[in-house]
Amino acid sequence: MTLRVALLVLGIASCRGSDVRSEAASEAPRPAEPASVARPLPRDLDVDDARHLLARFTFGARLGEPERVLAQGIEPWLEEQLRADAARDPLSDTLRQRYPLAFATPRELLEPRPAHRDPQVMGDPAAAAPRPAELSEVLFELQAAIVTRQTRSEHQLLEVMADFWLNHFNVNAAKGRVYLVAGQYLDGVIRRHALGTFEDLLVAVAMHPAMRMYLDNASGSERPGIGGRASGMNENYARELLELHTVGVDGGYSQRDVEEAARVLSGWRPVDLAVAYSESLHDPGPKVVMGRHFPAGGGMREAEELLRFLARHPSTVRHLSRKLAVRFVSDHPSEALVDRIADAWARTGGDIRSVLRAIVADPELWAEENRRTKVKTSLEWLVGAFRLLGVEPSDVDVRRVANRLGQAPYSQRVPTGYPEVATEWANGAQLSVRWQVAFQLARGHTPGVTYAAGDPLPREGSVEEHVRFVCDRLLGRVSPSTEQALRDHLAEAPNVEQRRILAVAMALSSPEFQRQ
Amino acid sequence: MSALSRRRLLRLGIGAALGARVGPWRADARAQDADAPVLVAIMLRGALDGLSVLVPHRDPAYARARPTLAIPPPAVLQGALPLTDELGMHPALRPLLPAYREGRLALVPGFGAPVDTRSHFEAQRLMELGQLHADRHGDGFLSRALSGVGARDGSSRSRRATHASAHLPVAVAAGSHLPLLLRGEAPVLALGQVIGAGDPTGRERASRVGVLSSLYPHGGDLVLDVGRASLDMLRALEPAFALPLRADAYPPGPLGRSLAEVARVIRARLGVPVFYAEVDGWDTHANQGASTGLLAYHLDRLAASLAAFEADLGETAPRVVVVCFTEFGRTVRENGSAGTDHGHGSVAMVLGARVAGGRVLGSFPSLAAGDLYEARDLPVTVDYRDVFGELLVRHLGLALPPGLFPGFAPAPERFPGLVRAR
């Protein structure tokens, strides 16, 4: 019974495409009623407030977007964003057509298919023979789909949270066979639960093969456990579960807790691109993890009990609240802010929508000293540039740009995911590459990017008009030196076309555009 | 003025007269850096087959293990180049033979890291981090080693009178990516990230640097500070970009190009102590070839590039040491595809006038099955951390920070003896 039930419960991700059904996870996230914890937003909001909101809760404002959001009202805008349902994104059909490999099931990926798209072997007759998709092709489409969705989706906050969770529950699709399940992990687990409850998300991650396969491959952290390789792998996952996914490195757990958690999780392992449970491999004895007792004979149920226990643990609430505070408010959030977020979290059972409402309503978010004081990650910088310029990221080579910038989606090797804080992204090497990409992009020379050089600068206009456009409409608020720099250098441009290009390049290179 | 006559003038110490003509650098800064040692680290990514570089041609186990891949003994046509009684060098490395004979090249068998992984990416990552286990982000060990470098002693700091040298990077990488080895706090630059790098006239770079400098006119917050520091580093290197790039003197390929770029910066005598380049193509799982073939082709390119590099350096050559290293070696036995698979110990090559060369360091490992690592690979007998420890301490004269290699303290008694005593 056990194995069959287990497969029914989890494994059929491989048959059902992105519509992962798992009894272990909850039903589709229900749109939550506005929680009573919400405080009123600051009154008398202006364009700078809207710009700040968009800087933090989207991948970057598009032209005129701050004004539109202000006109709509920040609270209505937020509620509209929170109503987003990953399963009903109008973009999905477009992306599915353009990047089918990103949405295929493992079974579909393993089947020979007509050689789909492989720039290196175009025109080579042997390559046209049907064959299964290769890792590089799948990764290429996954990354292009991610960047395209981040650039074009109206549901920006959903995609921002998906990015946050993909880093928190990091999986590297560029290694081993993870690529076979990566698309489903992204859509069926991460995006599906991104605005749901943390508990459901945690369980869905645990029960999806992607995380197990990824940690199995990640060497350097793998040490054989007492029971051999399989138990070693569970200890690996148990450690990351505690240290990274839930209670955190200061969460108050010991090595003993890691081992006990591994015993609770025993019996589960990745099998045929699913996660299956086998009673004979499960440790039947009693266990204690961080004070929580699991009496003998708990069987298959124990894993989910452990996960839900950890999800609700105060250390987990604090750990995640801090991460959210860092992501949205400040690299050095006050303890009081973390407390307030943790409060909202605890009172709503980890309902992510409610927590986000609480953060948006928090005065610390709106404080002047927390504006423009974060630094964009590479992906935020790149996608932000695409959104601001009205660029259509095409398929080929978007990932090459992302690789140069050091943040190709879905390719982070270490389980901690891509970092969030300024000190990781503000360094000479990173800035030099951004400057290069800025000038290349402005000229329309970036492969795989459909963009008319110099857009969206007006095609006609004086130097001063172009300076104002960059300062007021593209960047929002600039220092006197940036404004003067624009004035001086745009005036030297030999013609209007060159001036427009230089204006865009300078905007993307400016200190203002690195800040968030 | 032609390059040749300028070189003669420099040798006569009349560099100062030329200063005004070649760039905004100052003669006094250059003069005291004339003796400053330089380390060039070249990472051979992909696991170099050390057993084809250093050939135990007398050992019958060698030919038995490699029926098609074994390099023949020196007496045979295209055989190994004789180094010692027992050991030869791959014939494709012939351009380095003079350096060996003249005592400038040392080979280090058994080179590697005591890690189990046979994944290229993991092994490279661990080696660059300087750790044996690492499942979190980290800094490169070379960046850690250089973090304290501003001056090697108090006296040279006081002589760093020029604005330019105060902003120099402590390491320069050829190519467009900074390797993990150099990631960290130390100010470093990748030449491929130099704005307008492709423009030989320098006009585009000057124009871009001008635009960016006005956007980052001073420090302030982290973004402004970093932007400013980046531009300062570029300006400090500008004298190097004014020198001719002698890429034609090198064999074609990315390594030649990289070394030409590195040589130019060294020739500018700005005082940058560390350089980095990399080359791949060493992962010879199939059709590796023996005296000729795939591996031989890459070895030939490597040797010819290094020889051209030594020549290009001119009179700066004596203070430069080059270390070629790889993440692990390859299996002793050839596989079913006339190639070799991932192994363990490999061979490092260390080249320079200050190297105690003309020899093979340590003893060559036995190929007896019982002596092999996991019954398949050459063992690691020389820890890469001792090799780099010696080069950093005895060649560059650095004091090693305590956390340089977590859990490992490079000890002078374990240094392989690569650097000649002064």
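A brief look at the structure comes next. (Residues numbered from 1 in each chain as written. Chains lettered and ligands numbered in written order. Predicted model: local features only at pLDDT ≥ 70, side-chain atom pairs only at ≥ 80, totals over all residues. Heavy atoms only, no water.)

### What to know about the side chain of Arg104 of chain B
Residue and element names in this part refer to chain B.
- Relative to the helices and strands, Arg104 is located in the loop between helix 6 (97-101) and strand 5 (105-112).
- Judged by relative accessible area, which is 19%, Arg104 ranks as buried.
- One polar contact links Arg104 to Glu310, side chain to side chain, over a distance of 2.8 Å. (Helix = DSSP H or I, 4+ residues; strand = E, 2+ residues; numbered from the N terminus. Buried < 20%, exposed > 50% of the residue type's maximum accessible area, 1.4 Å probe, protein only. Polar contact = N/O pair within 3.5 Å; in protein donor to acceptor, adjacent residues only side chain to side chain.)

### Focus on the environment of Val355 of chain B
All names here are of chain B.
- Position of Val355 relative to the elements: it lies in the loop between strand 10 (346-352) and strand 11 (359-360).
- Residues Val355 and Val262, spaced 93 residues apart in sequence, show a C-alpha to C-alpha distance of 20 Å.
- Those residues in contact with Val355, other than ones at most four positions away along the chain, are Gly103, Arg104, Ala106, Val321, Val350, Leu418 and Arg420. (Contact = heavy atoms within 4.5 Å.)

### Focus on empty space enclosed by the protein
Residues and elements named next belong to chain A.
- Using the criterion set out here, one finds 12 cavities of 30 Å³ or more in the structure.
- The computed volume of the largest cavity comes to approximately 420 Å³.
- Taken together, 26 residues make up the lining of the largest cavity; nearest its centre are Arg51, Ala55, Lys376, Leu475 and Arg515.
- For the lining of the largest cavity, the secondary structure elements donating two or more residues are helix 2 (47-57), helix 19 (378-389), helix 23 (463-475) and helix 26 (511-514).
- When residues of the lining of the largest cavity are assigned to their parent elements, the largest contribution, 5 residues, is made by helix 2.
- Of the residues in the lining of the largest cavity, the class split is 9 nonpolar, 6 polar and 11 charged.
- By volume, the second largest cavity amounts to about 250 Å³. (1 Å grid on protein atoms, 1.4 Å probe; cavity = no way out; pocket = protein on both sides within 12 Å on 5 of 7 lines; lining within 4 Å. Points joined across faces, edges and corners; volume = space filled by probe spheres on them. Nonpolar A, V, L, I, M, F, W, Y, C, P; charged D, E, K, R; others polar.)

### Concerning helix 4 (residues 74-82) of chain A
All names here are of chain A.
- The complete set of buried residues in helix 4 reads Ile74, Trp77, Leu78, Gln81 and Leu82. In a view along the axis of helix 4, the buried residues occupy a sector of 135°, so they form one face of it.
- Residues of helix 4 that are buried in the fold lie against helix 2, helix 3 (65-72), helix 8 (156-168), helix 17 (352-361) and helix 18 (363-366). (Arc of directions from axis to C-beta.)

### A few points about the interface of chain A and chain B
- Opposite the 42 residues of chain A that make contact, chain B presents 32 residues.
- Note on chain A versus chain B: buried area summed over both sides is about 3100 Å², and carbon and sulfur give 61% of it.
- Three residues stand out in chain A for area buried against chain B, namely Arg413, Trp435 and Gln436 of chain A, and they jointly supply 18% of the buried area on that side.
- Across the salt bridge formed by Arg136 of chain B and Glu240 of chain A, the nearest N and O atoms sit 2.7 Å from each other.
- There are 6 residue pairs in polar contact (both at pLDDT 80 or more) connecting chain A and chain B.
- Residue assignment for the side of chain A that touches chain B shows that the elements contributing at least two residues are helix 12 (229-245), helix 20 (398-404), helix 21 (422-425), helix 22 (428-442), helix 24 (480-492), helix 25 (496-509) and helix 26 of chain A.
- Here the side of chain A that touches chain B gets 8 residues from one element, more than from any other, and that element is helix 22 of chain A.
- Residue composition of the side of chain A that touches chain B, by class: 16 nonpolar, 18 polar and 8 charged. (Buried area = accessible area lost by both parts, 1.4 Å probe. Salt bridge = Lys/Arg side-chain N within 4 Å of Asp/Glu carboxyl O.)

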